[in-house]
Amino acid sequence: MQAFQVPAFDRPASLTETDVPPPGPGQAAVALRACGLNFADLLMMKGSYQDTPEPPFTLGLEAAGVVTELGEGTKGFAPGDRVALFGGSGGLAEAGVFDAAQLIRIPDAMSFEHAAAMQIAYGTSHMALDHCARLQPGETLLVTGAAGGVGLTAVEIGKLMGATVIAQARGQEKLEVAAAAGADHLVDAGEDLRSTVKALGGADVVYDAVGGDVWKAAFRAANPGARLLPVGFAGGEVPQIPANHLLVKNLTVIGFYLGGYMKFRPEAVRRSFETLFTWHGEGRIKPHISHTLPLDRAAEGLELLRSRKSTGKVVITMGRNR
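Everything in this summary refers to the structure shown in the same document. (Residues numbered from 1 in each chain as written. Predicted model: local features only at pLDDT ≥ 70, side-chain atom pairs only at ≥ 80, totals over all residues. Heavy atoms only, no water.)

### What about the sheet that holds strand 11 (residues 185-188)?
Either a parallel or an antiparallel arrangement is found when strands of a sheet pair, and the pairing is made through backbone hydrogen bonds.
Now for step 1: Reading across the sheet, the six strands line up as 11-10-9-12-13-14 and stay open at both edges, with parallel pairing between neighbours. Each of the sheet's edge strands pairs with one partner strand only, and the pair in question is strand 11 and strand 14 (252-253).
Now for step 2: Across four bridges, strand 10 (residues 164-169) lies against strand 11 in parallel orientation. Residue pairing in the sheet places Ile 166 in a bridge with His 185 of strand 11. (Pairing = 2+ DSSP bridges. Helix = DSSP H or I, 4+ residues; strand = E, 2+ residues; numbered from the N terminus.)

Structural data, given as structure tokens:
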């Protein structure tokens, strides 16, 4: 099979011919049909992501496909089942072997592309806003990087939860994407974020995927008692949080990492995914996929993320298994 692998951290990732191992106890072999790209893939290529495997390894945190074989003692699935999987790696390939605990059945009406695009972006936003920040109807939610993979889903889910949503993104095209997802107010990245948000009444919940100066401005635009969620640092700078400001304004900063929850609260993540798949089936949410590319153009897809030329998700499809 073909797989898009990182041979070493000082060498570029490339498409490689490799064998598919047989599934072991508690595992399932999956013919992969689609894989969603994430900023974490770029970090993994450099060895700077918190859960980076030792090279050589196959990129691709989230994917979808069809179960083809079960390992000894594996329960809950059967060959032919359509599944989504959050494997942490291994998704950018024509096939793979994954722990059954990483799989979840997907509805027949859901495309593999949508299933591959939903888990990390929607799961992060739903868990962060609902489970962690307890976003309430009528509150104001500020989303930075609002046209990106996770930011756009935060706009959509925040609106579904009854919040007034302020979306910050760079350029008119990306702001229009955020508006289509339900944003009530739009702030261009070139504007003064702090003063604009304060003029709109401040933020009760901040969902920040950018970091750096954007986080600092969002932090200062937060209302007393606000909850702030640093979910990523796409801008490249991890900000420091002034504890004295937390004290004076009674702020709460909640770190959230979906992969961590998969390890210590997997049942909460599974419930979240099931809720999201139900919403998708009801037409309440729909992944925004700006680019769909075949596996042999995976490097091009990752460059779209790196150069910030995509909106929502970039999805790679595996043509041989379609």
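### Here we look at the environment of Pro 242
Now for step 1: Here Pro 242 lies in the loop between strand 13 (222-230) and helix 7 (243-249).
Now for step 2: Taking the C-alpha atoms as reference points, Pro 242 and Phe 86, 156 residues apart in sequence, are found 34 Å from one another.

### With respect to the nonpolar core
Now for step 1: Judged by nonpolar contacts, the single largest core of 89 residues is most densely connected at Leu 59, Leu 92, Leu 103, Leu 129, Leu 141, Tyr 207 and Leu 229.
Now for step 2: Looking at this core, the element that brings in the most residues is helix 2 (residues 112-132), giving 11 residues. (Core = buried A, V, L, I, M, F, W, Y, C linked by side-chain atoms within 4.5 Å. Buried < 20%, exposed > 50% of the residue type's maximum accessible area, 1.4 Å probe, protein only.)

### A short note on helix 4 (residues 172-180)
Now for step 1: Burial in helix 4 covers these residues: Lys 174, Leu 175, Val 177 and Ala 178. Angular distribution of buried residues about the axis of helix 4 spans 155°; they occupy a single face of the element. Exposed side chains of helix 4 directed beyond 90 degrees from the buried face belong to Glu 173 and Ala 180.
Now for step 2: Those residues of helix 4 that are buried are in contact with helix 3 (149-160), strand 10 and strand 11.
Now for step 3: Phi turns positive one or two residues past the end of helix 4, at Gly 182, with a value near 120°. (Arc of directions from axis to C-beta. Contact = heavy atoms within 4.5 Å.)

### Describing the pattern of salt bridges
Now for step 1: What the rule picks out here adds up to 11 salt bridges.
Now for step 2: Notably, a salt bridge pairs Glu 303 with Arg 306, separated by 2.5 Å at the nearest N-O pair. In this pair, Glu 303 and Arg 306 are both assigned in helix 10 (residues 298-306), three residues apart and thus about one turn of the helix distant. (Salt bridge = Lys/Arg side-chain N within 4 Å of Asp/Glu carboxyl O.)

### What about the packing of aromatic side chains?
Now for step 1: In this structure the tally under the stated criterion is five aromatic pairs.
Now for step 2: Judged by centre distance (6.2 Å) and plane angle (80°), the rings of Tyr 49 and Tyr 257 are edge-to-face. A residue pair is termed long-range when its members are at least 10 positions apart, and Tyr 49 in the loop between helix 1 (39-46) and strand 4 (57-58) and Tyr 257 in the loop between strand 14 and helix 8 (258-264) qualify at 208 residues.
Now for step 3: With a centroid separation of 6.0 Å and 45° between ring planes, the pair formed by Trp 215 and Phe 219 is classed as tilted. A residue pair is termed a helical-turn pair when its members lie 3 or 4 positions apart in one helix, as Trp 215 and Phe 219 do in helix 6 (residues 212-220) at four residues.
Now for step 4: For Phe 219, a relative accessible area of 4% gives the class buried.
Now for step 5: Among the aromatic side chains, those forming a connected cluster through ring pairs are Phe 256, Tyr 261 and Phe 264.
Now for step 6: When the ring centre of Phe 112 is taken as reference, the NZ or CZ atom of Arg 82 above it lies at 4.4 Å. (Phe/Tyr/Trp six-rings, centres within 6.5 Å; stacked < 30°, edge-to-face > 60°. Lys NZ or Arg CZ within 6 Å of the ring centre and 35° of its normal.)

### Here we look at unusual backbone geometry
Now for step 1: Here the bond from Pro 55 into Pro 56 is cis, since omega is 0°, no more than 30 degrees from zero.
Now for step 2: Phi at Arg 134 is positive, roughly 55°, even though this residue is not glycine.
Now for step 3: Along the chain, Arg 134 turns up in the loop between helix 2 and strand 9 (140-143).
Now for step 4: Judged by relative accessible area, Arg 134 falls into the partly exposed class, the value being 49%.
Now for step 5: The phi dihedral of Asn 250 falls on the positive side, at around 55°, and the residue is not glycine.

### Notes on the side chain of Gln 168
Now for step 1: Considering the arrangement of structural elements, one finds Gln 168 in strand 10.
Now for step 2: Classification of Gln 168 as buried rests on a relative accessible area of 6%.
Now for step 3: Discounting chain neighbours no more than four positions away, the residues touching Gln 168 are Val 143, Thr 144, Gly 145, Ala 146, Val 187, Ala 189, Leu 193 and Val 214.

### Section: the side chain of Asn 223
Now for step 1: Topologically, Asn 223 is positioned in strand 13.
Now for step 2: Side chain to side chain, Asn 223 and Asp 204 meet in a polar contact 3.1 Å long. (Polar contact = N/O pair within 3.5 Å; in protein donor to acceptor, adjacent residues only side chain to side chain.)

### Considering helix 10
Turn by turn, an α-helix covers 3.6 residues, leaving residues three or four places apart pointing in a common direction.
Now for step 1: Listing the buried residues of helix 10 in full gives Ala 298, Gly 301, Leu 302, Leu 304 and Leu 305. Down the axis of helix 10, the buried side of the element spans an arc of 150°, and every buried residue falls inside it.
Now for step 2: Positive backbone phi, approximately 60°, marks Arg 308, located one or two places after helix 10.

### With respect to the sheet that holds strand 2 (residues 14-17)
Now for step 1: Spatial ordering of the open sheet is given by 2-1-4, a layout of three strands whose pairing is antiparallel. Edge positions in the sheet fall to strand 2 and strand 4, since each of these pairs with one other strand and no more.
Now for step 2: As paired strands, strand 1 (residues 2-6) and strand 2 are joined by four bridges and run antiparallel to one another. Bridging from a neighbouring strand, Gln 2 pairs with Glu 17 of strand 2.

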